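So the chains spell out like this:
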Amino acid sequence: MLSDRTCDVVVIGAGPAGCMAAHAAAANGASVVLLEKHAAIGLPVCCAEGITTFGLERVVEPKSEWIANVIEGATIVGPDSRSVTVYHPKAGYILDREIFDNGLAEMAADVGVDIIKSAPVVGLEKRETIQAVIVDINGARIRVEGRIFIAADGVESRVAHMAGIDTTVSLQNIDSACQYLVDNIKIDRELITIFIGNEIAPGGYAWVFPKSAERANVGVSICPARSGGQNARGYLDKFMARQFPESRILKTMVGGVPKFNRSMPLTVGNLMVVGDAARLVDSLTGAGISNALLSGKIAGEVAAGYIRGEADLPEYPRRFMQLKSRELNAYSMCGSIFVRADDGDFCRILEALDSFFPERKVREVNVPDIILRLVFRNPDLLKMARHLIAR
Ligand SMILES: Cc1cc2nc3c(=O)[nH]c(=O)nc-3n(C[C@H](O)[C@H](O)[C@H](O)COP(=O)(O)OP(=O)(O)OC[C@H]3O[C@@H](n4cnc5c(N)ncnc54)[C@H](O)[C@@H]3O)c2cc1C
């Protein structure tokens, strides 16, 4: 029978952000309770599982069992079926999210984190600051008291909302995604493929992220405000019929992908918000795992520093934004141009990319830098971007 708990740091949500936050806080001397609403960590998987090598390795040393496949490059296919492929040695990984999330939770448990599963946080006890979270354990309520709270509860983010942060996301600021895990296909296992075009995915894109040469996460994300009432699953079914008519669907997942919102506060009182809950998602690609890991790690370190009397909470957004704001803002700007583009614009962007990578190889992916150099070489793109933003 579970009873009330008291600790230094309470983390809500055991996804990548929460596990890293809990691990970092405990590894730096804090006592930590990590609460997860589901009975099993890492399930249900709602992710295409792609991450850049840098995004993973800057935060945590990968274990071989976390990795389903190593990616060596990407192909982008335009609306007229022309494509550009760029190679990048060991560019990224397709993770096995179930094993990965469990691996992170094990790392946290190894440094003393008390992990409680089937433990949804349903309320907060607040005076000037948060005193405790209220957890529903099979219909019974327990209190988990702490000095610092970290909301890592993903896109739904009820905890930040309960603490008074405006977490509302407009239709323009969330993509709607549907994905199948499929087999019985033949693909190049080294390359991810992205399909753009308004018939395929209005305001978004379709992806094929290979887990092997015969199995892949295939999905579509769309901007609901641009889709004329049709949902992501409808677009995905059309894409599958055209691209992989023989495939077998093993799993279906649907979810929302929030866009980066620079005006959302990352701390309020004694609460820090990390990962998807803090909308730390690249607005162009929808990638959120690496920001979840990094924001969780920094928030956990700062929480432990606070408990030792050596840090204040705003150090977390300061440190995170020092590393990531340029990239997040660049993705945000590209995302708002991308969502307004028509198929002709996509073809022009693809032509520019085609001439930008004549050797078809890159050694580093620095998105803000690539955008600047691309626009510098193709001033017409700047005109197009201005025109689209004004639309
Ligand atoms: C279809 C799809 C494909 C995607 N593909 C990619 C990709 O290829 N690469 C990439 O980088 N990103 C991708 N993303 C985004 C990525 O999945 C998220 O950015 C990432 O999982 C964020 O991690 P997190 O820890 O912040 O949140 P989550 O992974 O969502 O974890 C939140 C955790 O909190 C728990 N929780 C929620 N509420 C409560 C509560 N009240 N009490 C206790 N626990 C609670 C949840 O059960 C969950 O375990 C994709 C998203 C979607 C929808």
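Per chain, the residues get numbers from 1 upward, laid out in the order the sequence is written. Since the coordinates come from a predicted model, pLDDT governs what is reported: local features require at least 70, and pairs of side-chain atoms require 80 or more to be given and counted, while whole-chain, interface and lining totals use all residues. Working from all heavy atoms in the structure, the side-chain values ignore hydrogens and water.

The next point concerns the sheet that holds strand S16 (residues 248-258). A pair of strands counts as paired when DSSP detects no fewer than two bridges linking them. Secondary structure elements are defined from DSSP: runs of H or I of at least 4 residues count as helices, runs of E of at least 2 residues count as strands, and each element is numbered from the N terminus. Taking strand neighbours across the sheet as the criterion, the 8 strands line up as S4-S6-S5-S13-S14-S15-S12-S16 in an open arrangement whose pairing is mixed. Unpaired on one side and paired on the other, strand S4 (50-52) and S16 mark the two borders of the sheet. Taking each pair of neighbouring strands and ignoring which way they run, the sheet shows an average axis angle of 30°. When strand S14 (residues 205-210) meets strand S15 (residues 216-222), the two strands line up antiparallel, connected through 6 bridges. Residue pairing across strands places Val208 opposite Val218, the latter belonging to S15. Inter-axis angles, ranging from 0 to 180 degrees, are taken between N-to-C directions of lines fitted to C-alpha atoms, where helices are fitted over the stretch in contact.

To continue, consider the packing of helix H8 (residues 343-356) against helix H9 (residues 367-377). For the pair H8 and H9, interaxial distance at closest approach is 11 Å and the crossing angle is 100°. The pairing of H8 with H9 is recorded here as roughly perpendicular in orientation. When H8 is examined against H9, the residues Ala352, Leu353, Ser355 and Phe356 are found in contact with a partner set consisting of Ile370, Arg373, Leu374 and Arg377. Along the lines of polarity and charge, the residues of the contact of H8 with H9 split into 5 nonpolar, 1 polar and 2 charged. For classification purposes, angles smaller than 35 degrees are called roughly parallel, those larger than 145 roughly antiparallel, those between 65 and 115 roughly perpendicular, and all remaining angles oblique. A contact between two residues is defined here by any heavy atoms of the two lying within 4.5 Å. In this classification, the charged set is Asp, Glu, Lys and Arg, the nonpolar set is Ala, Val, Leu, Ile, Met, Phe, Trp, Tyr, Cys and Pro, and all remaining amino acids, among them Gly, are polar.

This paragraph deals with the packing of aromatic side chains. Stacked, tilted and edge-to-face are the three classes applied to pairs of Phe, Tyr and Trp rings, where Trp contributes its six-membered ring and a pair requires centres within 6.5 Å; stacked means planes under 30 degrees apart, edge-to-face means over 60, and tilted covers the rest. All chains considered together, the criterion is met by 5 aromatic pairs. Ring geometry for Phe195 against Phe239: centres 4.9 Å apart, planes inclined by 70°, an arrangement best described as edge-to-face. Residue Phe195 is found in strand S13 (residues 191-195), and its partner Phe239 is found in helix H5 (residues 232-243); the two are separated by 44 residues along the sequence. Of the two residues, Phe195 and Phe239, neither departs from the other in class, the shared state being buried. Burial classes follow relative accessibility: with a 1.4 Å probe on protein chains only, a residue under 20% of its type's maximum area counts as buried, one over 50% as exposed, and anything between as partly exposed.

What follows covers the site of the ligand. Nearness is defined per residue: one heavy atom within 4 Å of the molecule or strand is enough. Within the structure, the ligand sits among 33 residues, and Ala17, Glu36, Ala48, Gly50 and Asp276 are positioned closest to it. Note that an oxygen atom of the ligand is positioned 3.2 Å from one of the backbone N or O atoms of Pro16. For the ligand, an oxygen atom lies 3.2 Å from a polar atom in the backbone of Glu49. For the ligand, the accessible surface in isolation is 1,000 Å², of which the surrounding protein chains cover 90%. Elements with a contribution of two residues or more to the shell around the ligand: helix H1 (16-27), S16 and helix H6 (289-307). For the shell around the ligand, the per-class residue count stands at 18 nonpolar, 9 polar and 6 charged. Domain ranges listed in this record stem from an automatic or a database domain assignment. In terms of domain composition, the shell around the ligand takes at least three residues from each of domain 1 (5-45 + 98-168 + 260-324) and domain 2 (70-93 + 170-258). Distance and chemistry together define a polar contact, namely a pair of N or O atoms within 3.5 Å, with one atom able to donate a hydrogen and the other to accept it when in protein, and with adjacent residues in sequence counting only for side-chain atoms on both sides. Using the Shrake-Rupley algorithm and a 1.4 Å probe, accessible areas are obtained, with residue cover drawn only from the displayed protein chains.

Across the sheet, 4 strands lie side by side as S1-S10-S9-S8; this open sheet has mixed pairing. Each of the sheet's edge strands pairs with one partner strand only, and the pair in question is strand S1 (5-6) and strand S8 (121-126). Sheet topology places strand S9 (residues 130-137) next to strand S10 (residues 140-145); 6 bridges connect them, and they run antiparallel. Its bridge partner being in S10, Val133 is matched across the sheet by Val144.

Residues Leu43 and Pro44 are joined by a peptide bond in cis, for which omega reads -5°. Take Pro44: it is sitting in the loop between strand S3 (32-35) and S4. Phi at Ser81 is positive, roughly 70°, even though this residue is not glycine. For Ser81, the position within the fold is in the loop between strand S5 (67-77) and strand S6 (83-95).

Mapped onto the elements, Ser283 comes out in the loop between strand S18 (271-273) and H6. Only 3.1 Å separates the side chain of Ser283 from the backbone nitrogen of Phe260, close enough to count as a polar contact. Setting aside chain neighbours within four positions, we find Ser283 in contact with Lys259, Phe260, Tyr331, Ser332 and Gly335.

Here we take up the environment of Cys178. If you trace the backbone, Cys178 turns up in strand S12 (residues 174-183). Along the chain, Cys178 and Cys47 lie 131 residues apart, while their C-alpha atoms are 9.6 Å from each other. Leave out the neighbours within four places in its chain, and Cys178 touches Trp207, Val218, Gly219, Val220, Ala232, Arg233, Leu236, Thr252, Met253 and Val254.

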